[in-house]
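Coordinate inspection notes
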Amino acid sequence: MARQPPPPSVHAAILLFLLSLSGAIKIPMDLSQPPTITKQSVKDHIVDPRDNILIECEAKGNPAPSFHWTRNSRFFNIAKDPRVSMRRKSGTLVIDFRSGGRPEEYEGEYQCFARNKFGTALSNRIRLQVSKSPLWPKENLDPVVVQEGAPLTLQCNPPPGLPSPVIFWMSSSMEPITQDKRVSQGHNGDLYFSNVMLQDMQTDYSCNARFHFTHTIQQKNAFTLKVLTNNPYNDSSLRNHPDMYSARGVAERTPSFMYPQGTASSQMVLRGTDLLLECIASGVPTPDIAWYKKGGDLPSDKAKFENFNKALRITNVSEEDSGEYFCLASNKMGSIRHTISVRVKAAPYWLDEPKNLILAPGEDGRLVCRANGNPKPTVQWMVNGEPLQSAPPNPNREVAGDTIIFRDTQISSRAVYQCNTSNEHGYLLANAFVSVLDVPPRMLSPRNQLIRVILYNRTRLDCPFFGSPIPTLRWFKNGQGSNLDGGNYHVYENGSLEIKMIRKEDQGIYTCVATNILGKAENQVRLEVKDPTRIYRMPEDQVAKRGTTVQLECRVKHDPSLKLMVSWLKDDEPLYIGNRMKKEDDSLTIFGVAERDQGSYTCVASTELDQDLAKAYLTVLGRPDRPRDLELTDLAERSVRLTWIPGDDNNSPITDYVVQFEEDQFQPGVWHDHSKFPGSVNSAILQLSPYVNYQFRVIAINEVGSSHPSLPSERYRTSGAPPESNPADVKGEGTRKNNMEITWTPMNATSAFGPNLRYIVKWRRRETRETWNNATVWGSRYVVGQTPVYVPYEIRVQAENDFGKGPEPDTVIGYSGEDLPSAPRRFRVRQPNLETINLEWDHPEHPNGILIGYTLKYVAFNGTKLGKQIVENFSPNQTKFTMQRADPVSRYRFTLSARTQVGSGEAVTEESPAPPNEAYTNNQADIATQGWFIGLMCAIALLVLILLIVCFIKRSRGGKYPVREKKDVPLGPEDPKEEDGSFDYSDEDNKPLQGSQTSLDGTIKQQESDDSLVDYGEGGEGQFNEDGSFIGQYTVKKDKEETEGNESSEATSPVNAIYSLA
């Protein structure tokens, strides 16, 4: 954020203003005056032969001057040549070639004469030349034979053109010749090789000349090089090798100068032009060039180096730039010096140019003509185009070297004088007239002008006037007071009044009065003072990321009587407001900032009287520019050094460099990341793999993003070796139930290490110790057939190339193909209450693969009515499921199957138990809660118990014997029956007693103890002899989980209670 000084245009206006104040008073055009040249062609006038020729000459005077020309110092009769005409009211010559003619016939030196009755003015001597672009002479060029490492100069020798053509070198196919410090073009157009290398033979070399006026390019026949070498193999990887020359068997040499030759030379340059010094040296390695000035430093503000430091240019040479300069050419073998003595000469240049002289009769005056140059120029005076010595004598005129003095001038002294100053390097010609007039004062500007000015500014009030003798001028304010001069006021010779700093009280009416002996004249100027325009809130410097929005403020205060206009500049040029920008009265908004938006933004607040500027700089953080000039050095078998030149970071520091590589064998054109380095380095050692033809590129990274990749480096190939690793991700998986597909990730170019990369695949069944099967594969898969279903295999995959095998591979376990699994085992359905159903199962006996889950399908049914089927999927580890019933009446049918990746296997189906009658269950629940019912049931139970006891006693009297005596197998100690080994039995019918409980599945179950004889029978039904002994074998009680899985708990029956009492 900064308030800016006035722009250059303001400074230029101030300079012109000061020059106008110090200039001579001009004669109004309505008064008689001698001619003055106002426009003329340049001294060396080169024209295009295809166009008509114009030689300009214009002049003013009163009366209007007439014109004539000389050609080669002789009168040029225009009327006699039909091709030549002169423009009306002008002396400009037009030579027309539309009807034929050769422009070369009109070459020569022309001079224009403008004449009226008061004198004659002369133009410069104009040298007319026609532009030439001659053809290149036909020539047959033999091949240029040169030894590798030797210097070479290919001469251009262009045809002489006017002006001199621009020279450049290309191949015959119009490809530019790449130039560097080894190969470059000299100022004379020749192409210099400090040392020739074998790769220079890859193209031919043609010199081209471009001619300015005709816009044509002439091409010389091409040179063909034949390089003799000790090493015919052109390995591009050696091109940037630090010991490139020794690697190619080229002998190293100390430098020697190809241009200029020798140890010393001299050069002359004219003051005001450019000095160009040049030193081109040969040598192996290519020499470096450095420049020095003897006894001082090079002028840093004017000196610059060109052509890879082989040329030194000093602009706008002055006498101080003369002296001795020397160039130093050096390489590791030595150095040499060439000294150039520079002499600065000068064509004439003005110290005091003569100016028009206006005198009244009887006044004195002088004309001064002072010039300098090297050598010192001579001065020659002329009057009306004739040497002063040949002019009629004038007693009022005296010549004193470079000055003419006039005393007591009269009307007859009116004339135009020419001062011609010249030396061997050029000439200057100036016209100055002497006008003798007798004119009273007169004002030359409009009357009663209004001048509006800004407070505190410097202001000029003009009052142009004329009179002879020259009038005196005085200024007054508001028609009163003394003459305004001194202090805050200053009056110039031409009548302008300068007010150094305007204040509010300076507002008013100013009167200027011009007076001489013949009278006086006056004029008035009204001055209004306005408040300045000021930016009170200036735009601020900002840093923005690409794509964001930026707002630059610019708030302005100005005089309300003046119209304000706010505009914006970017980099000091008018800003184009595109669709990404929005300009308001007090701000500028930029949407979606891009890199091109970076720069300085200047708010220009202006009125018709003044302006104020405020500048801010917008820094856009962008992605870095691509690195460039990649170079490979330190070439080794498994490494190389890569060096690059960083690109512009675009205001965001580079944090990292990513080096990528590409190889042309396995994946040509595909780039891979090789390594990453900090942003502070630009050179790194890269570790390489065998048998890879590498090409590298570099990407720069900053906070904003990544640069475009650099241009690729040259290629570098490493030698081969056996693989040092084996393929990764080796797997064995079946794609069918009777096969196994062995796959792996193929090795890339950096791990192949040699040609013909292949893989040795081995396999055998695990834990069988059978011999290894093997196969050689060129791809990345192999299928083993005729395998059992889902059995494990040991697998090995080893890499091999033409240089040998890789290391012993690791053993990987794979499996042959899977099949459908068998049904889940022991599928059980339990119903603990009327709201839920519990399902349990065991894993299949034959999974035939990796179980990926279970699928349960179930549907509710009630008689013949079916509900909607529901499908549940379970993980392979889940073996239980609880389902919430939708209603207590419906039953459910469940189908369960296991899944492998092949699909679902054999299913098992079970149904839920039948639910009880809903009305009966509800009625039973209601009665069971009544007190009278509970008492009644207790009495009945007691009566039944007594009856059973009585019955038991009676039967016992009929016979009781130990069961063990009748059985073949004794009871085990764990048998939970009577300790004495006898059994008590109940009625053979085994009818359920009244009051026994109803099971949850709606059936009335027999009340029994845990020691029921049924549990020991094979058929579930016991048989007795007439004496009450147990007939048949009995077994130990079966697993209750199998036989009682769906039974609910029941109360102990009275029979069991009697057994326990017996």
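Only a predicted model underlies this, so the values are computations on that prediction, with no experimental measurement involved. (Residues numbered from 1 in each chain as written. Predicted model: local features only at pLDDT ≥ 70, side-chain atom pairs only at ≥ 80, totals over all residues. Heavy atoms only, no water.)

**Quick notes on the overall build of the protein chain**
Looking only at helices and strands, one finds seven helices and 82 strands in the protein chain. Across the protein chain, every contact between residues at least 6 apart in sequence was considered, and the portion connecting residues at least 24 apart equals 65%. Entry remark: accessible area of the protein chain is about 57,000 Å², with carbon and sulfur atoms responsible for 49%. (Helix = DSSP H or I, 4+ residues; strand = E, 2+ residues; numbered from the N terminus. Contact = heavy atoms within 4.5 Å. Areas by Shrake-Rupley, 256 points an atom, 1.4 Å probe, with all protein chains shown as cover.)

**Considerations on unusual backbone geometry**
Omega for the bond connecting Asn62 with Pro63 falls within 30 degrees of zero, at 5 degrees, which places this linkage in the cis form. Cis geometry marks the peptide bond from Asn374 to Pro375; its omega dihedral reads 5 degrees. Along the chain, Pro375 falls in the loop between β32 (370–374) and β33 (378–383). Even without glycine at this site, Ser73 takes up a positive phi of about 70 degrees.

**Topic: the nonpolar core**
With 30 residues, the main nonpolar core has Ile55, Trp69, Leu93 and Tyr110 as its most contacted residues. The contacts of Ile55, once residues within four sequence positions are left out, are Ser41, His45, Trp69, Gly91, Thr92, Leu93, Tyr110, Ile126 and Leu128. (Core = buried A, V, L, I, M, F, W, Y, C linked by side-chain atoms within 4.5 Å. Buried < 20%, exposed > 50% of the residue type's maximum accessible area, 1.4 Å probe, protein only.)

**Re the pattern of salt bridges**
Under the counting rule described, the total for this entry stands at 49 salt bridges. The salt bridge partner of Arg442 is Asp30, with a shortest N-O separation of 2.7 Å. Residue Arg442 is found in strand β39 (residues 439–443), and its partner Asp30 is found in the loop between α1 (8–22) and β2 (33–40); the two are separated by 412 residues along the sequence. A relative accessible area of 26% places Arg442 in the partly exposed class. Residues joined by salt bridges that share partners form a network here, namely Arg537, Glu553, Arg555 and Asp586. (Salt bridge = Lys/Arg side-chain N within 4 Å of Asp/Glu carboxyl O.)

**Describing a nonpolar patch on the surface**
Together, Trp932, Leu936, Ile940 and Val944 line one region of the surface with nonpolar side chains, adding up to about 370 Å² of accessible area. Tracing the sequence through the fold places Val944 in helix α5 (residues 931–958). (Patch = residues over 30% accessible without salt bridge, like charges linked within 9 Å, V, L, I, M, F, W, Y side chains within 5 Å.)

**Quick look at the state of the cysteines**
The final tally for this structure, using the stated rule, is six disulfides. The side chain of Cys279 participates in a disulfide bridge whose partner is Cys327; the two sulfur atoms lie 1.9 Å from each other. Between Cys279 and Cys327, the disulfide has an S-S torsion of -70 degrees and is therefore left-handed. One end of the pair, Cys279, is in the loop between β23 (275–278) and β24 (280–284); the other, Cys327, is in strand β28 (residues 323–331), with 48 residues separating them in the sequence. Considered together, Cys279 and Cys327 belong to a single accessibility category, that of buried residues. (Disulfide = S-S within 2.5 Å.)

**Overview of the sheet that holds strand β31 (residues 365–368)**
Read from one edge of the open sheet, three strands run β31-β36-β35, paired in antiparallel fashion. This sheet does not close on itself; its edge strands, each paired only once, are β31 and β35 (397–400). The mean angle between the axes of side-by-side strands here comes to 15 degrees, regardless of whether they run parallel or antiparallel. Relative to strand β36 (residues 403–406), β31 runs antiparallel, the two sharing four bridges. Looking at the pairing, Arg366 lines up with Ile405 of β36. (Pairing = 2+ DSSP bridges. Axes fitted to C-alpha atoms, helices over the stretch in contact; angles between N-to-C directions.)

**As for the side chain of Thr787**
With respect to the helices and strands, the residue Thr787 is situated in the loop between β69 (781–785) and β70 (792–801). Separated by 3.0 Å, the side chain of Thr787 and the backbone nitrogen of Asn739 make a polar contact. With residues up to four places along the chain from it excluded, the contact list for Thr787 reads Lys737, Asn738, Asn739, Met740, Tyr793 and Ser816. (Polar contact = N/O pair within 3.5 Å; in protein donor to acceptor, adjacent residues only side chain to side chain.)

**Notes on the environment of Leu429**
Looking at the secondary structure, you find Leu429 in strand β38 (residues 426–436). Here Leu429 falls in the buried class, since its relative accessible area comes to 15%. Residues Leu429 and Gln380, spaced 49 residues apart in sequence, show a C-alpha to C-alpha distance of 9.5 Å. For Leu429, the contacting residues outside a window of four places in its chain are Gln111, Leu122, Ser123, Asn124, Trp350, Met382, Gln418, Cys419 and Asn420.

**Quick word on the packing of aromatic side chains**
The final tally for this structure, using the stated rule, is 20 aromatic pairs. With a centroid separation of 5.7 Å and an interplanar angle of 75 degrees, the aromatic rings of Phe97 and Tyr106 are classed as edge-to-face. Across the pair, exposure class does not vary: Phe97 and Tyr106 are buried alike. Taking 5.2 Å as the distance between ring centres and 25 degrees as the angle between the ring planes, the aromatic pair formed by Tyr292 and Phe326 counts as stacked. Of this pair, Tyr292 sits in strand β25 (residues 288–293) while Phe326 is found in strand β28, placing the two residues 34 residues apart along the sequence. Given a relative accessible area of 39%, Tyr292 falls into the partly exposed group. On the basis of relative accessibility, which here comes to 14%, the residue Phe326 falls in the buried class. Site record: aromatic cluster; members linked through ring pairs are Phe827, Trp841, Tyr854, Tyr858, Phe874, Phe881, Tyr892 and Phe894. Of note, Lys43 hangs over the ring of Tyr427, and the distance from its end group to the ring centre comes to 4.1 Å. (Phe/Tyr/Trp six-rings, centres within 6.5 Å; stacked < 30°, edge-to-face > 60°. Lys NZ or Arg CZ within 6 Å of the ring centre and 35° of its normal.)

**Examining the pairing of strand β59 (residues 639–645)**
As judged from the four bridges shared by strand β58 (residues 628–633) and β59, these two strands associate in the antiparallel manner. Paired with Thr633 across the two strands is Arg641, which belongs to β59. Linking β58 to β59, which pair antiparallel, is a turn of five residues; within it Asp634 sits at a positive phi near 50 degrees.

**Describing the confidence of the model for the protein chain**
For any part of a model where pLDDT is low, the fine detail of the predicted coordinates should not be relied upon. Looking at the protein chain, the pLDDT average stands at 85 and 85% of residues meet or exceed 70. Within the protein chain, helix α7 (residues 1054–1061) has the poorest average pLDDT of any element, 36, and strand β17 (residues 191–193) the best, 97. Per-residue pLDDT stays below 50 along residues 918–925; that stretch engages in four contacts with residues further than four places along the chain or on separate chains. In this model, residues 959–1062 is a region of pLDDT below 50 whose contacts with residues beyond four sequence positions or in other chains number 130 contacts. (pLDDT = per-residue confidence, 0-100.)

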